[in-house]
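If you want the building blocks of each chain, they are given just below.
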Amino acid sequence: DIVMTQSPLSLPVTPGEPASISCRSSQSLLLSNGYNCLDWYLQKPGQSPQLLIYLGSNRASGVPDRFSGSGSGTDFTLKISRVEAEDVGIYYCMQVLQAPLTFGGGTKVEVK
Amino acid sequence: EVHLLESGGDLVQPGGSLRLSCAASGFTFSSHDMRWVRQAPGKGLEWISSISSSGETTYYADSVKGRFTISRDNSKNTLYLQMNTLRAEDTAVYFCARRSSDRASDYWGQGTLVTVSS
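Quantities reported herein were computed from a predicted structural model and do not represent experimental measurements.

A. Geometry of the overall build of chain B. Within chain B, the secondary structure is distributed over zero helices and 11 strands. Starting at the N terminus and ending at the C terminus, chain B contains elements arranged as β-β-β-β-β-β-β-β-β-β-β. Its C-alpha atoms give chain B a radius of gyration of 13 Å, near enough to 13 Å, the size a compact globule of 118 residues would have. The C-alpha extent of chain B, read off along each of the three principal axes, is 40 × 25 × 25 Å. Classification of the 118 residues of chain B by burial places 48% in the buried group. When contacts within chain B are restricted to residue pairs at least 6 apart in sequence, those whose partners lie at least 24 apart make up 52%. If you sum the accessible surface of chain B, you get close to 5400 Å²; carbon and sulfur atoms cover 43% of it.

B. Spatial organisation of the pattern of salt bridges. Taken as a whole and assessed by the stated rule, the structure comprises 11 salt bridges over all chains. Ionic pairing is found between Glu86 of chain A and Arg66 of chain A, a salt bridge with its closest N-O pair at 2.9 Å. Residue Glu86 of chain A is found in the loop between strand S8 (75–80) and strand S9 (89–95), and its partner Arg66 of chain A is found in the loop between strand S6 (58–59) and strand S7 (67–72); the two are separated by 20 residues along the sequence. The closest approach of N and O atoms between Arg99 of chain B and Asp33 of chain B, which form a salt bridge, is 4.0 Å. Of this pair, Arg99 of chain B sits in strand S9 (residues 92–99) while Asp33 of chain B sits in the loop between strand S3 (18–25) and strand S4 (34–39), and the two are 66 residues apart along the sequence. A relative accessible area of 24% means that Asp33 of chain B is categorised as partly exposed. Here the residues in one salt-bridge network are Arg66, Glu84, Glu86 and Asp87 of chain A, joined through shared partners.

About the cut-offs
Residues numbered from 1 in each chain as written. Chains lettered and ligands numbered in written order. Predicted model: local features only at pLDDT ≥ 70, side-chain atom pairs only at ≥ 80, totals over all residues. Heavy atoms only, no water. Helix = DSSP H or I, 4+ residues; strand = E, 2+ residues; numbered from the N terminus. Rg over C-alpha atoms; globule rule 2.2 N^0.38 Å. Buried < 20%, exposed > 50% of the residue type's maximum accessible area, 1.4 Å probe, protein only. Contact = heavy atoms within 4.5 Å. Areas by Shrake-Rupley, 256 points an atom, 1.4 Å probe, with all protein chains shown as cover. Salt bridge = Lys/Arg side-chain N within 4 Å of Asp/Glu carboxyl O.

Right, dumping it as structure tokens:
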């Protein structure tokens, strides 16, 4: 199984400041077509998860452009250019290369 | 508008059974693979099962293999999860999610709570 490791576990942020979350996979998620099978989700308090980024770096429909995904192979990063209060919640990376699909442990983003 | 609505969650005794449903609307259900993901209280997300658009191919996490069965009825736009021999560790909110053409889970339901306890 592919193990997904996120860091940090908790991320206190100041509104208006940037934030960054790391995700590492135990094996490469890179396809021969150049896409990485890595998604990012945000679960806001009391809500279902919502898709932010797919295939490593593609913003999902309706996701603000302050969110960006980067990385390739086994190392990935989710960046928020300027954090807003509505961005609080738990962020998860997920590999969709092969079954069993696996999630990172989550990063809790809180406003300072 | 895409909408997924889970139902069937309940309090059940260890060893018992339960069937969850996920009613889909707003898209061509028969064209999309579907997934079940669960979240134990205060814990992270865990993928547990996927099914192809036709229903012919299924996948399971080791934690539920042999006890849970995923299925679908494309004529009713409904996804199912039959859960047998339930254990306390199966207590969780169960979400259904649509798999997009880019492999992502692009739409999620609101979840249904399953509690396994005596």
